[in-house]
Amino acid sequence: MASSPAVKDAVSNQNNSNQSTQQPLQHVAKRLEKFKTTIFTQMSSLAIKHGAINLGQGFPNFDGPEFVKEAAIQAIKDGKSQYARGYGVPDFSSAIAERFKKDTGLVVDPEKEITVTSGCTEAIAATMLGLINPGDEVILFAPFYDSYEATLSMAGAKIKCITLRPPDFSVPIDELKSAITQDTRAVLINTPHNPTGKMFTREELSTIASLCIENDVLVFTDEVYDKLAFEMDHISMASLPGMYERTVTLNSLGKTFSLTGWKIGWAIAPPHLTWGVRQAHSFLTFATSTPMQWAAAVALRAPESYYDELKRDYMAKKEILVEGLKAVGFKVFPSSGTYFVVVDHTPFSLENDVAFCEYLIKEVGVVAIPTSVFYLNPEDGKNLVRFTFCKDEGTLRAAVDRMKEKLKRK
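The protein chain goes by Aminotransferase class I/classII large domain-containing protein in an unreviewed UniProt entry, where it is assigned to Salix dunnii. As recorded by UniProt, the Cofactor (unreviewed entry) comment attached to the protein chain reads in full: "pyridoxal 5'-phosphate".

S.K.: Please clarify how the sheet that holds strand 10 (residues 340-344) should be interpreted in this entry.
M.R.: Backbone hydrogen bonds hold the strands of a sheet together, and the pairing may be parallel or antiparallel. Here four strands make up an open sheet; going across it, the order is 9-10-13-12 and the pairing antiparallel. Lying at the two open borders of the sheet, with one neighbouring strand each, are strand 9 (331-332) and strand 12 (369-370). As paired strands, strand 10 and strand 13 (residues 384-388) are joined by five bridges and run antiparallel to one another. Residue pairing in the sheet places Asp344 in a bridge with Leu384 of strand 13.

S.K.: Where do I start with the packing of helix 3 (residues 39-50) against helix 14 (residues 353-364) in this structure?
M.R.: Between two packed helices, both the angle of their axes relative to each other and the distance between the axes serve to describe the pair. The interhelical angle for the contact between helix 3 and helix 14, taken along N-to-C directions, is 25°, at an axis separation of 9 Å. The angle between helix 3 and helix 14 places the two elements in the roughly parallel class. Taken together, the residues of helix 14 that come into contact with helix 3 (itself represented by Met43, Leu46 and His50) are Cys357, Ile361 and Lys362. Of the residues that constitute the contact of helix 3 with helix 14, the class distribution is four nonpolar, one polar and one charged.

S.K.: Could you clarify how one ought to interpret the sheet that holds strand 6 (residues 218-222) in this entry?
M.R.: On the basis of which strands lie adjacent, the open sheet formed by seven strands has the order 2-8-7-6-5-3-4 and mixed pairing. Lying at the two open borders of the sheet, with one neighbouring strand each, are strand 2 (114-117) and strand 4 (158-163). The mean inter-strand angle of the sheet, taken between neighbouring strand axes irrespective of direction, is 20°. On the sheet, helix 5 (residues 90-104) packs against strand 2, strand 7 (247-252) and strand 8 (265-268) and is oriented at approximately 115° with respect to strand 2.

Reading the values: the criteria
- Residues numbered from 1 in each chain as written.
- Predicted model: local features only at pLDDT ≥ 70, side-chain atom pairs only at ≥ 80, totals over all residues.
- Heavy atoms only, no water.
- UniProt positions renumbered as here; feature names shortened; annotations may be inferred.
- Pairing = 2+ DSSP bridges.
- Helix = DSSP H or I, 4+ residues; strand = E, 2+ residues; numbered from the N terminus.
- Axes fitted to C-alpha atoms, helices over the stretch in contact; angles between N-to-C directions.
- Parallel < 35°, antiparallel > 145°, perpendicular 65-115°, else oblique.
- Contact = heavy atoms within 4.5 Å.
- Nonpolar A, V, L, I, M, F, W, Y, C, P; charged D, E, K, R; others polar.

Here it is, written out as structure tokens:
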């Protein structure tokens, strides 16, 4: 089925948003010419236009915990509103170190090995810009969070991609062994993995670690969903033997505490890598929101019961969505972590993932994300779409009901 004119217009408009005339395009840096408005912005805009339920962009429609919000309010009342120290409020850096020790057993120096950033997205950018030189080869696993490719392009990196394929999105070990060479500067992994919900197994991580040690390769590991691990325990790459000295661990507050708009992230790395991250961070944002850092320190010192309850809550939400999607007729792939689930949309006979998501928004009133945007080769993702379950149960049930009523197999 062809895309509708209205939706085509909406997508076309966003594609032209940075180039309203031909002349301005000539002034865009060539390394960024291919990047348009993000798919998340596109789909959220279409959701508003068509009154659709947004199961696309990964932000909760419920608020974060009261004790963290109260800590932020108190910090503001206490006058903690001027520039923070560039690499982080000391109390927050200490809280990050304490949490990291609980989770991994690793003891890090909060003064020399932790950099607070404006969200994990900035931590990613600071890591790429601070540690990657033009022409350096970096290996990504597709599908991948769109920020990775964009920031690597800014750094002038040469990207080499390994595709994780359904149903289990396991790492093709032989392909990985062939891909990592003496020319490889870094491997970037994301576990639990957005968009698939895959969690890298200990065997996979150990193989990556061995190859990186053998070839003197760095690892950048995005672990923002580490507390949303349902099927197995999360393993941090830095905790594996011989890996801390070559690993930058990236994380944030937003996913775990449903405070995505606070944009509080961090990078943990040994001093020789932290130096590069901090140099880039200094000239990206310099410092991150002061009162929110004080509140984030309170958040990270939450009792273990908070994390247990968080996991239980998300497992209940996941069950509502997964069972609903199966009942609608999707082929649903296993999701071991994150708050995402990937499905095969082909039972509904739309030509590709973008056409399906456009139809889903306009005719059914539900938003999903086409996964082709997460691949270097969009064809690899044309049969898959991503839904999120970081919504209240009423919203999830309403979305499932709409799909049961209006979405029919062709």
